[in-house]
Number of protein chains: 2
Amino acid sequence: MKIEGAEIDDKRMEEAVKELKKWREKINKELEKEFGTHKQRAEKIHPEGVKVIDYLEDYTMRGGKRVRPALIIAGYKAVGGEEPEKIVPASLSIEALQSYLLIHDDIMDEDELRRGDTTLHKMYEEYHEKEFPDGRAERFGENMGIIVGDIANSFAVAQLIKSDFDCEIKMKALEKFEQIHRHTGYGQVLDVTFNEKGLDDVDEEDVLTVHYLKTSQYTMAGPLELGTIFAEGSEEQRKMLKEYGEKAGKAFQVYDDMLGLYGDEEKLGKPIGSDLEEGKKTLLMVKAYENGNEEQRKKLKETLGKKDVTEEEVREVRRIVKETGSYEYSREMTVKLAEEAKDVLDEEKLDPKIVKFLRGLADYIVTREV
Amino acid sequence: MKIEGAEIDDKRMEEAVKELKKWREKINKELEKEFGTHKQRAEKIHPEGVKVIDYLEDYTMRGGKRVRPALIIAGYKAVGGEEPEKIVPASLSIEALQSYLLIHDDIMDEDELRRGDTTLHKMYEEYHEKEFPDGRAERFGENMGIIVGDIANSFAVAQLIKSDFDCEIKMKALEKFEQIHRHTGYGQVLDVTFNEKGLDDVDEEDVLTVHYLKTSQYTMAGPLELGTIFAEGSEEQRKMLKEYGEKAGKAFQVYDDMLGLYGDEEKLGKPIGSDLEEGKKTLLMVKAYENGNEEQRKKLKETLGKKDVTEEEVREVRRIVKETGSYEYSREMTVKLAEEAKDVLDEEKLDPKIVKFLRGLADYIVTREV
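Computed from a prediction, not measured in an experiment: that's the story for all the values here. (Residues numbered from 1 in each chain as written. Chains lettered and ligands numbered in written order. Predicted model: local features only at pLDDT ≥ 70, side-chain atom pairs only at ≥ 80, totals over all residues.)

> Can you tell me about the overall build of chain A, naming the residues and giving the values?
Of regular secondary structure, chain A possesses 16 helices and two strands. At 21 Å, chain A has a C-alpha radius of gyration in line with the 21 Å of a compact globule built from 370 residues. For chain A, with 370 residues in total, the buried portion stands at 53%. In chain A, the proportion of contacts linking residues at least 24 apart, taken out of those at least 6 apart, comes to 76%. (Helix = DSSP H or I, 4+ residues; strand = E, 2+ residues; numbered from the N terminus. Rg over C-alpha atoms; globule rule 2.2 N^0.38 Å. Buried ≥ 20, exposed ≤ 12 C-beta atoms within 10 Å, placed from the backbone. Contact = placed C-beta atoms within 7 Å.)

> An account of helix 12 (residues 283-291) of chain B is requested, with residue identities and associated values reported.
Residue and element names in this part refer to chain B. Most of helix 12 is tucked away: seven of the nine residues are buried. Among all positions in helix 12, only Leu 283, Leu 284, Met 285, Val 286, Lys 287, Ala 288 and Tyr 289 are buried. Each element contacted by the buried residues of helix 12 is listed here: helix 8 (204-230), helix 9 (235-262), helix 13 (294-303), helix 14 (311-323) and helix 15 (326-344).

> Explain the relation of the copies chain B and chain A to me, and be specific about the residues and the numbers.
Between the two copies, chain B and chain A, the superposition gives an RMSD of 0.0 Å; the rotation angle is 180 degrees and the shift along the axis is 0.0 Å. Taken together, the rotation and translation relating the two chain copies correspond to the operation of a two-fold axis. Relative to the rotation axis, the closest C-alpha in chain B is found at Cys167(B), a distance of 3.1 Å. Both copies contact each other with a shared surface, as 100% of the interface residues of chain B are interface residues in chain A too. (Least-squares fit on C-alpha atoms with pLDDT ≥ 70 in both.)

> Tell me what's going on with the packing of helix 9 (residues 235-262) of chain A against helix 16 (residues 352-365) of chain A, and back it up with residues and numbers.
Residue and element names in this part refer to chain A. Where helix 9 contacts helix 16, the two axes come as close as 9 Å, and the packing angle between them is 20 degrees. Relative to helix 16, helix 9 is oriented roughly parallel. In this structure, the crossing between helix 9 and helix 16 has a hand that is left-handed. In this structure, helix 9 contributes Tyr 244, Ala 248, Ala 251, Phe 252 and Tyr 255 to the contact, and helix 16 contributes Leu 358, Ala 362 and Ile 365. (Axes fitted to C-alpha atoms, helices over the stretch in contact; angles between N-to-C directions. Parallel < 35°, antiparallel > 145°, perpendicular 65-115°, else oblique. Left-handed = near helix turned anticlockwise from the far one by under 90°.)

> I'd love a proper account of the interface of chain B and chain A, names of residues and values included.
Across the contact, 42 residues belong to chain B and 42 residues belong to chain A. Every element with two or more residues in the side of chain B that touches chain A is listed here: helix 2 (47-61), helix 4 (84-109), helix 6 (137-161) and helix 7 (167-196) of chain B. Looking at the side of chain B that touches chain A, the element that brings in the most residues is helix 7 of chain B, giving 17 residues.

> Account for unusual backbone geometry, naming residues and giving values.
Positioned with a positive phi, Glu110(A) is a non-glycine residue whose angle comes to about 55 degrees. Among the structural elements, Glu110(A) can be located in the loop between helix 4 (84-109) and strand 1 (113-114). You will see that Arg115(B), though not glycine, has its phi angle at about 55 degrees, which is positive. Its location among the elements puts Arg115(B) in the loop between strand 1 (113-114) and strand 2 (117-118). Residue Arg115(B) is classed as partly exposed on the basis of its 15 C-beta neighbours within 10 Å.

> Requested: an account of helix 8 (residues 204-230) of chain A, with residues and values cited.
All names here are of chain A. In the structure, helix 8 departs most strongly from a straight axis at Gln 217, where the bend amounts to approximately 55 degrees. Of all 27 residues in helix 8, 22 are buried, a share of seventy percent or more. Within two residues after helix 8, Glu 232 carries a phi angle of roughly 50 degrees, on the positive side. (Bend = angle between axes of the 7 residues up to and from the residue.)

> Residue-level account of the environment of Tyr59(B), with values.
All names here are of chain B. Mapped onto the elements of the fold, Tyr 59 is located in helix 2. Separated by 58 residues in sequence, Tyr 59 and Asp 117 place their C-alpha atoms 8.2 Å apart. Other than its neighbours up to four places away in sequence, Tyr 59 contacts Ser 99, Ile 103 and Leu 120.

> How would you sum up the nonpolar core? Please name residues and give values.
Note that soluble globular proteins tend to have their nonpolar side chains buried in a common cluster. Ranked by internal contacts, the top residues of the largest apolar core, which has 219 residues, are Val148(A), Ala251(A), Val148(B) and Ala251(B). Residue contacts for Val148(A): discarding those within four places in its chain leaves Val52(A), Tyr55(A), Leu56(A), Ile103(A) and Leu120(A). (Core = buried A, V, L, I, M, F, W, Y, C linked by C-beta atoms within 7 Å.)

> Which residues make up the environment of Glu4(A), and what are the values?
Residue and element names in this part refer to chain A. Relative to the helices and strands, Glu 4 resides in the segment before helix 1 (10-43). Judged by C-beta crowding, with 8 C-beta atoms within 10 Å, Glu 4 ranks as exposed. Taking the C-alpha atoms as reference points, Glu 4 and Val 335, 331 residues apart in sequence, are found 8.3 Å from one another.

> Which residues make up the confidence of the model for chain A, and what are the values?
Taken over all residues, the pLDDT of chain A has a mean of 95, while the share at 70 or more is 100%. On the interface metric, ipTM, the complex scores 0.96, and its pTM is 0.96. (pLDDT = per-residue confidence, 0-100.)

> I'd love a proper account of the environment of Pro69(A), names of residues and values included.
Along the chain, Pro69(A) falls in helix 3 (residues 67-78). In contact with Pro69(A), other than residues within four places in its own chain, are Ile27(A), Ser91(A), Leu92(A), Ile94(A) and Glu95(A).

So, in structure tokens, the structure goes:
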């Protein structure tokens, strides 16, 4: 998706994406090792325990950009951390948290596909259909999804506990980690609740609170801060990366919602009307409703949360979002936030290579098509 | 329920129950304080976040014996711990874990009642019915139950992190805590899966593995061990309390399943046929099936997992369990385990007052009617 007004350094951005892929490989290698350990332990318990690990490994390894663990590593390096053999294993904690949250999310949204294959609760539903012809396969699938998510969560915390840092450092990291976990939980509570509410009952502040809790904190600022904690960076450094993360995270989410309405269906891998059907209160929708005339508001209300939104209705909503200036409002916000995020970083106070990477990442955030 | 063969010291048992109540009061007072703190923090986020805490507080405070935190305190005192102002707050961690697991359990079992009132996911379902007339209240309720459980879990870990012990002690406690959490998860995986399997596919070893993971570890041995970690007890002391906990925990669970089939429906607060309807693979059922003749096995197979089990069918199953010697097998096991648990404890190596309490508790475990 082409967004106007963003000042993109193409070369820097491409390098950042390449860097991200390099880290992803390292993270994936370490993840595979970890799953091996989990499997060995599960074998001592019961074959059904081994199945838990097999399914979880499949679900985790089949995709994912590993942005969050990569940002832990980036935060660590940005403030002078120099032991990759320590930080890479520690960074897996947030990927385990991610698997756990996605598994629970898939249940809540009743999604059947994740990363191009069956969601975890559906894998267990299929297992039930094959093995136990009598009971309720759907209930069984959801139940196993809840528990396997819970187990993945215990892995996340254990990963921090066993990491090779001093006790005081790990304790600070654990504290930050649980704050991220809690905030994501509250963000999810708000998100699910706002989806049920009407457009009259959700305002811009509500939407931005969800963005702050679920994206700025969880996806960007939190991981970067964790990295600085592991490398014992200064308060000034931590705050600088936090501010970058919060701005870039907000830019990410506002852009993400724009992609959800104006992006390429095929590249996104989901129908373009799905955000609408979900009743998702994006900034685009809330702002269009705020600024719209009676007719426009009526149309937005009718379409949001409706089952089987047609292509014509999507086009209609797109039109209203543009006519009310809501598209422009989101676009401006995204571009401004991405610029501000890049400006926050000071290469005299952080590793210049990482600063370059993070600026490239900010460009990518507002240029990507997926 | 009267069980033959148990050597019960009535006075010691009564004192233990009284002691448990005393600790429960202290734990509850501390829990209320904690919920106050959570609420203050949630107020800064959003009114819907405050509702999370209100519902969670209601669910947690309306009942519960607080056996697990009391056992953390007992383990702590048993090995010489002398700072209640430190251990009581730390002990809340396992009660938060318990609330989280119960909330998720209620969803899995589709239970509407817990501790004499509405389960958490049903509270949210009712909230939806009142506030949002359009969407799917049931789905919303379950979704919120999943998330609020997850948030309670983050509280559990945070409670340990902020407790007032040295870093190394807390790290050991966190490690134990996550082991308990993980084992309980695996136990739940097995439990849910075995409920779906037929009697031909679950044996005594399977049943005892679930007991070990879900009750011995989680309810008894784990909390006691946590207590010894906080008070820096010796390895010998930890192992002694662990062995007591594993035996008493197994006795607890085997007795619990006996109560579920032969207990007093009114006192239990659940229909006596509910374990049967759930398809629960108890030691009673598995052993009766193992020893039964063709006709008895057929009847057991027909009844287990059936909807709407009649009183006549319950009586029939009870008869088969007795005729096959399965009742006697469980009874002997329970009594033997409770005796062994009491014998493991050595008042020269542990605080004699706590030894007395734990022996009284073992008596209570195989005498209680609820």
